Amino acid sequence: GAVVSQHPSWVICKSGTSVKIECRSLDFQATTMFWYRQFPKQSLMLMATSNEGSKATYEQGVEKDKFLINHASLTLSTLTVTSAHPEDSSFYICSARHGYRGHTGELFFGEGSRLTVL
Amino acid sequence: AQSVAQPEDQVNVAEGNPLTVKCTYSVSGNPYLFWYVQYPNRGLQFLLKYITGDNLVKGSYGFEAEFNKSQTSFHLKKPSALVSDSALYFCAVREIGGADGLTFGKGTHLIIQP
């Protein structure tokens, strides 16, 4: 299957700093990537849809100025948590769709990034 | 709006016994349905999907799922459980012609006891 690489796996930062998480599709091109957030013992919450070459589409309630998403190429999307605070601590997971928009293809997921804000 | 319900937070099964993890969905039109598995502190791994055709879908690691349109269900099954099947399982739906993203259920912890 297609491989999605996410980096870093773990990050600890001080409150007020910014953290960047990278999501790469290693062996396929992904015009669309998705960023999810997962709280302990809860399901995945879709944060935003990242489209290559255009602005991301954010879900209701997600602060676009706090969670900056950039999808500069067909294989890379980044999520930057700006001015992070302890409540931003979570498990962030990216996913990419293999195929063109509207295709029935399943999503392939990165390994996730555990963010801890002190 | 689309939604997925996984009614069981946890399912306990003895090793070697058959297992079922339940999932029901709600969409306005026709669905694409998926099952994913997640191990601790890991991303999600794709197990299987239903797009069209045969209602019984076979996937990875011996898992299968049956699409039942009248009951709007897509239960995950395996004839003989392994201890290594213990993980968190997510059912997901996407409406045909709808938004790109998947809507996930809350997940079901599957615990296989030796």
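Structure's up top.
Basis of the calculations
Residues numbered from 1 in each chain as written. Chains lettered and ligands numbered in written order. Predicted model: local features only at pLDDT ≥ 70, side-chain atom pairs only at ≥ 80, totals over all residues. Heavy atoms only, no water. Contact = heavy atoms within 4.5 Å. Buried area = accessible area lost by both parts, 1.4 Å probe. Salt bridge = Lys/Arg side-chain N within 4 Å of Asp/Glu carboxyl O. Polar contact = N/O pair within 3.5 Å; in protein donor to acceptor, adjacent residues only side chain to side chain. Helix = DSSP H or I, 4+ residues; strand = E, 2+ residues; numbered from the N terminus. Nonpolar A, V, L, I, M, F, W, Y, C, P; charged D, E, K, R; others polar. Buried < 20%, exposed > 50% of the residue type's maximum accessible area, 1.4 Å probe, protein only. Pairing = 2+ DSSP bridges. Disulfide = S-S within 2.5 Å. Phe/Tyr/Trp six-rings, centres within 6.5 Å; stacked < 30°, edge-to-face > 60°.

K.L.:
So what's going on with the interface of chain B and chain A? Residues and values would help.
P.N.:
With 20 residues of chain B in contact, the opposing surface of chain A contributes 23 residues. Here chain B and chain A share an interface that buries about 1,800 Å² over both sides, 52% of which is from carbon and sulfur atoms. For the pair chain B and chain A, the interface holds 1 salt bridge. We note a salt bridge from B:Arg42 to A:Glu111, for which the minimum N-O separation is 2.3 Å. Scanning the region where chain B abuts chain A turns up 7 residue pairs in polar contact (both at pLDDT 80 or more). Broken down by secondary-structure element, the contributors of at least two residues to the side of chain B that touches chain A are strand S5 (31–38), strand S6 (44–50) and strand S10 (87–95) of chain B. Take the side of chain B that touches chain A: its biggest share by element is 4 residues, from S5(B). Class assignment of the residues belonging to the side of chain B that touches chain A gives a composition of 10 nonpolar, 5 polar and 5 charged.

K.L.:
Would you mind going over the pairing of strand S2 (residues 10–13) of chain A in detail, with residue names and values included?
P.N.:
Residues and elements named next belong to chain A. With burial as the criterion, only one face of S2 is covered, namely that bearing Val11 and Cys13; the residues Trp10 and Ile12 on the opposite face remain uncovered. Pairing analysis gives 4 bridges linking S2 to strand S11 (residues 113–117), with the strands arranged parallel. Its bridge partner being in S11, Val11 is matched across the sheet by Leu115.

K.L.:
I'd like a description of the state of the cysteines, backed by residues and values.
P.N.:
What the rule picks out here adds up to 2 disulfides over all chains. Each sulfur of the disulfide joining B:Cys23 and B:Cys91 lies 2.0 Å from the other. The chirality of the disulfide connecting B:Cys23 with B:Cys91 is left-handed, given an S-S dihedral of about -65°. Taken together, the positions of B:Cys23 in the loop between strand S3 (19–21) and strand S4 (24–26) and B:Cys91 in strand S10 put the pair 68 residues apart, joining distant regions of the chain. A single burial state applies to B:Cys23 and to B:Cys91, both of which are buried. The cysteine A:Cys13 is free of any disulfide, with A:Cys94 supplying the nearest cysteine sulfur at 18 Å. Assessed through its relative accessible area of 8%, A:Cys13 is described here as buried.

K.L.:
Please provide a residue-by-residue account of the packing of aromatic side chains, values included.
P.N.:
Enumeration over the complete set of coordinates arrives at 13 aromatic pairs over all chains. Judged by centre distance (5.9 Å) and plane angle (45°), the rings of A:Tyr36 and A:Phe109 are tilted. Remark: A:Phe109 occurs in strand S10 (residues 107–109) and A:Tyr36 occurs in strand S4 (residues 32–38); sequence separation between them is 73 residues. Taking relative accessible area as the criterion, A:Tyr36 reaches 1% and is therefore assigned buried. A residue is classified by how much of its surface remains accessible, and A:Phe109, at 7% relative accessible area, is buried. With a centroid separation of 5.9 Å and an interplanar angle of 70°, the aromatic rings of B:Tyr36 and B:Phe46 are classed as edge-to-face. Taken as a pair, B:Tyr36 in strand S5 and B:Phe46 in strand S6 lie far apart in primary sequence, 10 residues in all. We classify B:Phe46 as partly exposed; its relative accessible area is 22%. Aromatic rings pair up to connect A:Tyr36, A:Phe109, B:Phe34, B:Tyr36, B:Phe46, B:Phe90 and B:Phe104 into one cluster.

K.L.:
Could you give me a rundown of the side chain of B:Ser73, with the residues and numbers involved?
P.N.:
Checked against the element boundaries, B:Ser73 lands in strand S9 (residues 73–78). With a relative accessible area of 4%, B:Ser73 lands in the buried category.

Everything listed here is a matter of coordinates, which is why it stays silent on function.
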